[in-house]
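Below, each chain spelled out in residue letters.
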Amino acid sequence: MGTPAGFGAPDLPAEVVRQLKGMSPSEAQALAQRYGLNPADYVDTPAPAAPGQAPLPAPAAPTPAPPPPPPPKASSEVLEVATSTEAAAAETAADSTIEPLAPEKRYGLGFFTSSMARGPTDNAPVPPDYRLGVGDEVVLFLVGLESREIKVTIDRHGEIALPDLGKLSLAGTRFDDAVALLQAKFANSRIGVEAFVTLGRLRMINVTFAGEVANPGTTTVPGLTRLSQALYAAGGLTGLGSLRHIAVNRGAETTLEFDAYELLLKGDATKDVALQDGDVVFVPPVKRMAAVFGAARRPGIYELLPHSRLSDLLAMAGGPTERALSEQVLLEHEIPGGVPEIQSITLTALPLRQAAPGDRLRLLPRASRFANRVTLRGAVQRPGVYGWEPKMTVADFLRDPNRDLLENTDYSYALRVSTRFHDGYISVQTFSPVGTLGGSFAPALMPRDEILILPRPGTPARRNLIDQVISRLRAQATPDEPAQLVTIEGPVREPGAYPHEPGLSIPALVRAAGGFREAAIDLDFGLVLSQDPVTGVLTFRQFAPRELLRSTATAALKLALKPGDSVILLPNVSGEPDTLATRQARIKGVVRRLQAQATPERPAALASISGAVFAPGTYPLSTDSTVQDLVAAAGGLKEGAYERSVEIRSVAIDDRGDAFTETRTVSLTDGTVASATLLRAKDQVLIKTIPGLNSQSTVELSGEIRFPGVYPIAPGEKLSEVLARAGGLTENAYPYGAVFTSETQAAVERSQLNRFSDELRRTFAAQALTLETPGSNLSELEQTLAALTEREAAGRIAVNFPGLLLGDRSADLEVSDGDRLYVPGRSNAIAVLGEVFRPGNFQFSDSLNLEDYLALSAGITKRADRRKLYVVRADGSVFRPQRSLLAFELGRQKLRPGDAIVVPVDTAYRDTLSFWSTITQIAFQTGVSLTALRQFN
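Keep in mind that this is a model prediction, so the values were computed, not measured.

1. Some details on the side chain of Thr 375
Inference 1: Relative to the assigned elements, Thr 375 resides in strand β16 (residues 373–378).
Inference 2: Not counting residues within four places of it along the chain, the set of residues in contact with Thr 375 comprises Gly 384, Val 385, Asp 449, Glu 450 and Ile 451.

Structural data, given as structure tokens:
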């Protein structure tokens, strides 16, 4: 064949061109025809070319017709080959630069450093052309009338000394000539004796290594060492060493140029000669390298000879593999001083192209995927690639569940992924393996389909298979055609994204997600969110998941989901904080999205609900949302909710554009009215509680009570009434010591402590900003505040319990939830505390008064404040006795068993020595001042 149109003449080596020009026209024509060349491109023809015209070729024999093209392949197979080729070309072209060839990856460079290579040896057979030298040991075995062994060494004069025969010069003699000479000597000198000659210990020779070797210098090796063995002894070549131009110099003349590729690629060791003493082995730097990648038998980097062609380069790489694409080979070519380029050629054109340094020949593999394949994956016994046949369905792979499926197979949900031939666009169809096994539905299959039989929900393998399909659907999405996906959130077994198909309904999506988690879903409220792909406006509709559990779904549930829809299911409000927090967080996410898209013309469709519902808050509204829908969104009514009067507060705009509020009441017991009452944006719904209904209020009675325990109470019930229900007090009860605590009063005490702490902080801050001297530093203040906040509020109330028992209405009080009453047993002790010498408890006696108990405590100390002495009753009440000139008088209040006498400390107390020291200092300073004034006058 001639030169292809559009291309120049092949770049032939100069020697070939000279040969063509030196041939006769007939010889040149025959050679050119043999290689498919045009001799006119290389040989001057007698007829000159006309101006502007190409020279006419010499007459030639008809060029053989090209072989007929192969039969056309099926369209699917052609597409596969083209797709694979384009992908490989795109992968190659993606690299905009040609990286330098790495020397350490060159072919054959490690041969001389590998442990498998043979180093110098002294046990090799002696070749016939081996020339003897000084130091070689000659061994003679005499057989016949005289049998003995003679060992002689060639001396410095190149001679050996033989017994009875004298000296014989052997240095420089070939080994086979030396054998013949010695055998002739013994045959002529001794009759009946035959000599057998061999060599013993060989001499050592010095070889010098230079150039690109790992260990340059002079090395001593055995005399039979060959060049390749010597290179091993020198540590091999460096990364810059040439394998194809290794020179052995003897004296001033280059004796041999060794091409290691002849040994490595062809096994030709004819030029791997034995070295001689004084040889210099020189390894020059490598000059030309090219690489072969892809579908070659031995990809790698190879060293080129000056006239190597691309076919030689591929031959060094072992040739193409059976899977190599012969009609397209990529050649990455470096342009000297220019930008690298990439060319597409065929394998048949490789002999016509000369290989240049830095070339990269990349052989593309043929398509590795089958055009008529059907792939089976997932929870099946025999996953893999199968051949497609006409009329094939999914049922051909699912015949027997025990034989074809695994134990953890999901029998309700599986996927069929189809790929369009012309653009690779995938679509997904769902089916039920149990329906396929039963013969009710088996999707038809097309070439390149994938069947995904999923494991049961909750397994990582299932989510992994689905996510792979999800990633492919998202990758092919465009602004005009969004990803064909829907998502589901909430208490299902496997929430997340799922493929969308036409007609997909909410029940089908719930089945795909593994169904509901048991007792964890709100069956009265769910949302379907939809977002317009063009405007981005979010819309939604409300549904009742309870309908999914029925045999026939409602019309709303039968409405098909659209791509991009999100189904939100909420957890059941069970009273647990984490469940309620999860529900509220999911609703808040929807509310924030609706608020973000709100405009003055289109306010956010939201309404709030409060009161006796499980999950009060703000919820989205649809165009037909009613009060009942909002109650369902809030988790339903609590016990005690007042359904007869639900308050709806709405904000409206009058004719002047001013906002005003209006309030409506609706009865939830009247289903007709409630279902007809539609809510508007910004409505506020209040669910009231039935007045007086609180079945959880209790009071605890303990101590000397006839029937102690926790008693439920009615609103407004008195303490005397609860005590009567408990049977009253026991005979050992001490009513004066009864302790009554109230949770309501404890809350008041905590509020007062917090308010007092704030006042202390403000006072300290004001002192720091004025000229006042604060009474304490900041650390003392913090300690005081910590003590106040850590103090537990008891909520104790002093009750006139004896009066209550006697029927005094003023001593009675209403009880509330959490109140506690403790009635202790009778006590016969009086406690004396505070600034007394011997504090303690003393037996009660009617004949002893307050002074007597102070005397029993050894009296009060000097630091006691007698004016502020007080008595604490056992019931918590406090009174201060009156004091006469000589003693305390209790008046009408007498000491009782269980009382405690408290003697406080005098905060203004000062000891006598300090007092008189201060008086003396004042008198002295006064005297000095008077003396100075008198002198001044």
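Anyway, onward from the coordinates.
2. Considering the sheet that holds strand β5 (residues 193–199)
Inference 1: Strand order in the open sheet made by the 3 strands is β2-β1-β5, with antiparallel pairing throughout. The sheet is open, and its two edges are formed by β2 (148–153) and β5, each paired on a single side. Within this sheet the neighbouring strands show an average axis-to-axis angle of 20°, counted without direction.
Inference 2: Here strand β1 (residues 137–144) runs beside β2; their pairing, made up of 6 bridges, is antiparallel. Considered in β2, the bridge of Val 138 is made with Val 152.
Inference 3: Together, β1, β2 and β5 form the strand contacts of helix α4 (residues 175–189), whose direction differs from that of β5 by roughly 155°.

3. With respect to a nonpolar patch on the surface
Inference 1: Taken together, Phe 141, Val 143 and Phe 196 make up a surface patch of nonpolar side chains, about 250 Å² in accessible area.
Inference 2: In this fold, Phe 141 is placed in strand β1.

4. Things to note about unusual backbone geometry
Inference 1: Look at Lys 391: it is not a glycine, yet its phi comes out positive at around 65°.
Inference 2: Relative to the assigned elements, Lys 391 resides in the loop between β17 (384–387) and α8 (401–404).
Inference 3: Take Lys 391: its relative accessible area is 82%, and that puts it in the exposed class.
Inference 4: One non-glycine residue, Arg 448, adopts positive backbone phi at about 75°.
Inference 5: Secondary-structure assignment places Arg 448 in the loop between α9 (433–438) and β20 (449–455).

5. A few points about the pairing of strand β32 (residues 709–712)
Walk down a regular strand and you will see the side chains alternate between the two sheet faces.
Inference 1: Relative to β32, strand β31 (residues 698–703) runs antiparallel, the two sharing 4 bridges. Counterpart to Thr 698 in the pairing with β32 is Pro 712.
Inference 2: Where β31 folds back on β32, the antiparallel hairpin that results is connected by 5 residues.

6. Notes on the environment of Gly 737
Inference 1: Within the secondary structure, Gly 737 sits in the loop between α16 (719–725) and β33 (739–741).
Inference 2: Relative accessible area serves as the criterion here: at 4%, Gly 737 is assigned to the buried category.
Inference 3: When the C-alpha positions of Gly 737 and Gly 876 are compared, they lie 7.7 Å apart, and in sequence the two are 139 residues distant.

7. Points about the pattern of salt bridges
Inference 1: Applying the stated rule across the entire model yields 31 salt bridges.
Inference 2: With a closest N to O distance of 3.8 Å, Lys 151 and Glu 149 form a salt bridge.
Inference 3: The partly exposed category is assigned to Glu 149, whose relative accessible area is 44%.
Inference 4: A single network of salt bridges, built from pairs that share partners, joins Asp 410, Arg 462, Arg 463, Asp 467 and Glu 494.

8. Digging into helix α10 (residues 460–475)
Note that an α-helix has 3.6 residues per turn; residues three or four places apart therefore point the same way.
Inference 1: The first and last C-alpha atoms of α10 sit 22 Å apart over 16 residues, in line with the 22 Å expected at 1.5 Å per residue.
Inference 2: Listed in full, the buried residues belonging to α10 are Arg 462, Arg 463, Leu 465, Ile 466, Val 469, Ile 470 and Leu 473. Down the axis, α10 shows its buried residues gathered within 160° of arc, on one side only. The exposed residues of α10 that point more than 90 degrees off its buried face are Pro 460 and Ala 475.

9. A closer look at the confidence of the model for the protein chain
Inference 1: Taken residue by residue, the protein chain gives an average pLDDT of 78. The fraction at 70 or more is 78%.
Inference 2: Within the model, pLDDT remains below 50 along residues 44–96, and this stretch shows 42 contacts once partners closer than five positions in the same chain are excluded.

10. Side note on the side chain of Glu 303
Inference 1: Residue placement: Glu 303 occurs in strand β12 (residues 300–303).
Inference 2: On the basis of relative accessibility, which here comes to 1%, the residue Glu 303 falls in the buried class.
Inference 3: Among the polar contacts listed, one links the side chain of Glu 303 to the side chain of Ser 242, at a separation of 2.4 Å.
Inference 4: Not counting the four nearest positions on each side in its chain, Glu 303 is found in contact with Arg 106, Ser 242, Leu 243, Arg 244, His 245, Tyr 261, Val 286, Arg 288, Met 289 and Met 316.

Calculation rules
Residues numbered from 1 in each chain as written. Predicted model: local features only at pLDDT ≥ 70, side-chain atom pairs only at ≥ 80, totals over all residues. Heavy atoms only, no water. Helix = DSSP H or I, 4+ residues; strand = E, 2+ residues; numbered from the N terminus. Contact = heavy atoms within 4.5 Å. Pairing = 2+ DSSP bridges. Axes fitted to C-alpha atoms, helices over the stretch in contact; angles between N-to-C directions. Patch = residues over 30% accessible without salt bridge, like charges linked within 9 Å, V, L, I, M, F, W, Y side chains within 5 Å. Areas by Shrake-Rupley, 256 points an atom, 1.4 Å probe, with all protein chains shown as cover. Salt bridge = Lys/Arg side-chain N within 4 Å of Asp/Glu carboxyl O. Buried < 20%, exposed > 50% of the residue type's maximum accessible area, 1.4 Å probe, protein only. Expected span 1.5 Å × (residues − 1). Arc of directions from axis to C-beta. pLDDT = per-residue confidence, 0-100. Polar contact = N/O pair within 3.5 Å; in protein donor to acceptor, adjacent residues only side chain to side chain.

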